[in-house]
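The primary structure of each chain is shown beneath.
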Amino acid sequence: MSSNLPPQEHDSTFKLLFENPKDILFLVRKVIGYSWAKDIQEDSIELADKEFVDEAFQQRRADVIAKAKLKDREVYFYILIENQSTVAKDMPERLLKYMILLWARKIREGVEKLPAIIPIVTYNGLEEKWNVTKDIIDAFEIFKENIFRYELVDLSRLDVEKLFDGGESSLVPVVFYLEQARGDAKELTRRLKRVVPVLERMDEHNRERFATFIKRIVEPRLNEEQKKVVVKLTETLLQEGEKMGEFVSNIARVLDESLERKFNEGIQQGAYQAKIEIAKNMIQAGAEDDFIAKVTGLAIEEIRKLRKELAN
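Owing to the predicted nature of the structure, the values given are computational and were not obtained by experimental measurement.

### Here's the deal with the packing of aromatic side chains
Here comes step 1: One pass over the full model with this rule turns up six aromatic pairs.
Here comes step 2: Taking the centre distance of 5.7 Å and the plane angle of 20° together, the rings of Phe14 and Phe176 count as stacked. A residue pair is termed long-range when its members are at least 10 positions apart, and Phe14 in helix H1 (residues 7-17) and Phe176 in helix H4 (residues 172-179) qualify at 162 residues.
Here comes step 3: For Phe14, a relative accessible area of 0% puts it in the buried group.
Here comes step 4: The exposure class assigned to Phe176 is buried, which follows from its relative accessible area of 0%.
Here comes step 5: Within the aromatic cluster, the residues linked to one another by ring pairs are Phe14, Phe18 and Phe176.
Here comes step 6: Across the ring face of Tyr76, the terminal group of Lys67 is positioned such that the distance to the ring centre comes to 4.6 Å.

The structure is reproduced here in structure tokens:
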């Protein structure tokens, strides 16, 4: 599948997704399956400051940093999430820089023991395989197998549908499932209909968040008039309590209309190019402009322009 959508779409979508502690918990427990994640104290997860100033006094910003602690332990650890839609050869170095800057901040705060930092990369490059080493350095107490080796959540190789069962409190499986089809509007439409039962089991908060996500996902494929329709549909869902099934069906309809519009535009463009080629052939055969215009339907001015181009 190919995609003309900007990398920022992926980044902003995933940053928004992992601003929710439950989604971070779902990621480390259900998607990656860290052995220690079952012991995370759920109400301890909170987003941390992701802004840093390095040694050159330059501003740096990580995508998501959260802190949490394990049950029966007082010491916090950190989860660092970087979101990528393209392969980043410098990812190990980038993660290490963020980790060092975070540790430097904790040192300035006077901590006696540096916290563990667990790096994770979510990668949504559907065409290029991730081929960057995951090893950063060895080491560290209970997290020794994970702390300097980030886990890669590669959506193109993830069987997301298996995550639907038991994921009612998290949008992670739904967003991952739709992200896998972000380059294929037809497949995205099919998947939207597939996730309706999953969405209907979710609470109101997650349904509101889904409305925001779907708006981000579909808008790059729409013209201005269709974008207004999506905004109206979203408002109706949030303000008037429209059923999720009706909302998704309406969004799918807008996507279908977008596909049909692009298909028709393609046919029209192809027909126009065919007329241009016929006109060029007739010019080269010595036909008069009036006759060419009658045969092709092209304007006289356009035929004269083609004649001039061929003469050059």
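### Some remarks on the pairing of strand S4 (residues 64-68)
Here comes step 1: The buried fraction of S4 amounts to four of the five residues, a majority that puts the element mostly inside the structure.
Here comes step 2: As paired elements, strand S1 (residues 46-47) and S4 share two bridges and run antiparallel to each other. Counted as the bridge partner of Glu46 is Lys67 from S4.

### Quick notes on a nonpolar patch on the surface
Here comes step 1: A contiguous nonpolar patch, built from Ile107, Val111 and Leu114 and spanning about 220 Å² of accessible area, is present on the exposed surface.
Here comes step 2: Within the secondary structure, Leu114 sits in the loop between helix H3 (91-108) and strand S6 (117-123).

### Concerning the side chain of Asp154
Here comes step 1: Following the sequence through the fold, Asp154 ends up in strand S7 (residues 151-154).
Here comes step 2: A distance of 2.8 Å separates a polar atom in the side chain of Asp154 from a polar atom in the side chain of Ser156.
Here comes step 3: Residue contacts for Asp154: discarding those within four places in its chain leaves Tyr123 and Trp130.

### Considering helix H11 (residues 300-311)
Here comes step 1: Spanning twelve residues, H11 covers 16 Å between terminal C-alpha atoms, matching the ideal 16 Å at 1.5 Å per step.
Here comes step 2: When H11 is considered as a whole, its buried residues turn out to be Ile300, Ile303 and Leu306. The buried residues of H11 occupy an angular sector of 120° when the element is viewed end-on, so they sit on one face. Away from its buried face, by an angle of more than 90 degrees, H11 presents the exposed residues Glu301, Arg304, Lys305 and Lys308.

### Digging into the pairing of S6
Here comes step 1: In terms of burial, S6 is a largely internal element, seven of the seven residues being buried.
Here comes step 2: In S6, alternate side chains face the same way, and those of Ile117, Pro119, Val121 and Tyr123 on one face and Ile118, Ile120 and Thr122 on the other are all buried.
Here comes step 3: Where strand S5 (residues 77-84) and S6 come together, seven bridges link them in parallel fashion. For Gln84, the partnering residue across the bridge sits in S6 and is Tyr123.
Here comes step 4: As for the winding sense of the linkage, the β-α-β connection from S5 through H3 to S6 is right-handed.
Here comes step 5: For S6 and S7, the ladder comprises four bridges, and the chain directions are parallel. Note on S7: the bridge partner recorded for Ile120 is Glu151.

### Quick notes on the nonpolar core
Considering soluble globular proteins, one finds that nonpolar side chains tend to be buried as a cluster.
Here comes step 1: If you look at the biggest cluster of nonpolar residues, it comprises 60 residues, and the most contacted ones within it are Phe18, Ile40, Phe77, Val174, Phe176, Phe210 and Phe247.
Here comes step 2: Setting aside residues up to four positions removed in sequence, Phe77 forms contacts with Trp36, Ile40, Ala66, Lys67, Ala68, Lys69, Leu70, Pro115, Ala116, Ile118 and Phe143.

### A word on the packing of H4 against helix H7 (residues 204-218)
Here comes step 1: Running from N to C, H4 and H7 cross one another at 10°; their axes reach a closest spacing of 11 Å. The angle between the axes of H4 and H7 places the two elements in the roughly parallel class. Contacts from Val174, Val175, Leu178 and Glu179 of H4 reach H7 at Phe210, Phe213, Ile214 and Ile217.
Here comes step 2: Class assignment of the residues belonging to the contact of H4 with H7 gives a composition of seven nonpolar, no polar and one charged.

The rules behind each value
- Residues numbered from 1 in each chain as written.
- Predicted model: local features only at pLDDT ≥ 70, side-chain atom pairs only at ≥ 80, totals over all residues.
- Heavy atoms only, no water.
- Phe/Tyr/Trp six-rings, centres within 6.5 Å; stacked < 30°, edge-to-face > 60°.
- Helix = DSSP H or I, 4+ residues; strand = E, 2+ residues; numbered from the N terminus.
- Buried < 20%, exposed > 50% of the residue type's maximum accessible area, 1.4 Å probe, protein only.
- Lys NZ or Arg CZ within 6 Å of the ring centre and 35° of its normal.
- Pairing = 2+ DSSP bridges.
- Patch = residues over 30% accessible without salt bridge, like charges linked within 9 Å, V, L, I, M, F, W, Y side chains within 5 Å.
- Areas by Shrake-Rupley, 256 points an atom, 1.4 Å probe, with all protein chains shown as cover.
- Salt bridge = Lys/Arg side-chain N within 4 Å of Asp/Glu carboxyl O.
- Polar contact = N/O pair within 3.5 Å; in protein donor to acceptor, adjacent residues only side chain to side chain.
- Contact = heavy atoms within 4.5 Å.
- Expected span 1.5 Å × (residues − 1).
- Arc of directions from axis to C-beta.
- Right-handed = clockwise from strand over helix to strand, strands pointing away.
- Core = buried A, V, L, I, M, F, W, Y, C linked by side-chain atoms within 4.5 Å.
- Axes fitted to C-alpha atoms, helices over the stretch in contact; angles between N-to-C directions.
- Parallel < 35°, antiparallel > 145°, perpendicular 65-115°, else oblique.
- Nonpolar A, V, L, I, M, F, W, Y, C, P; charged D, E, K, R; others polar.

No statement about biological role is implied by the geometric values presented.
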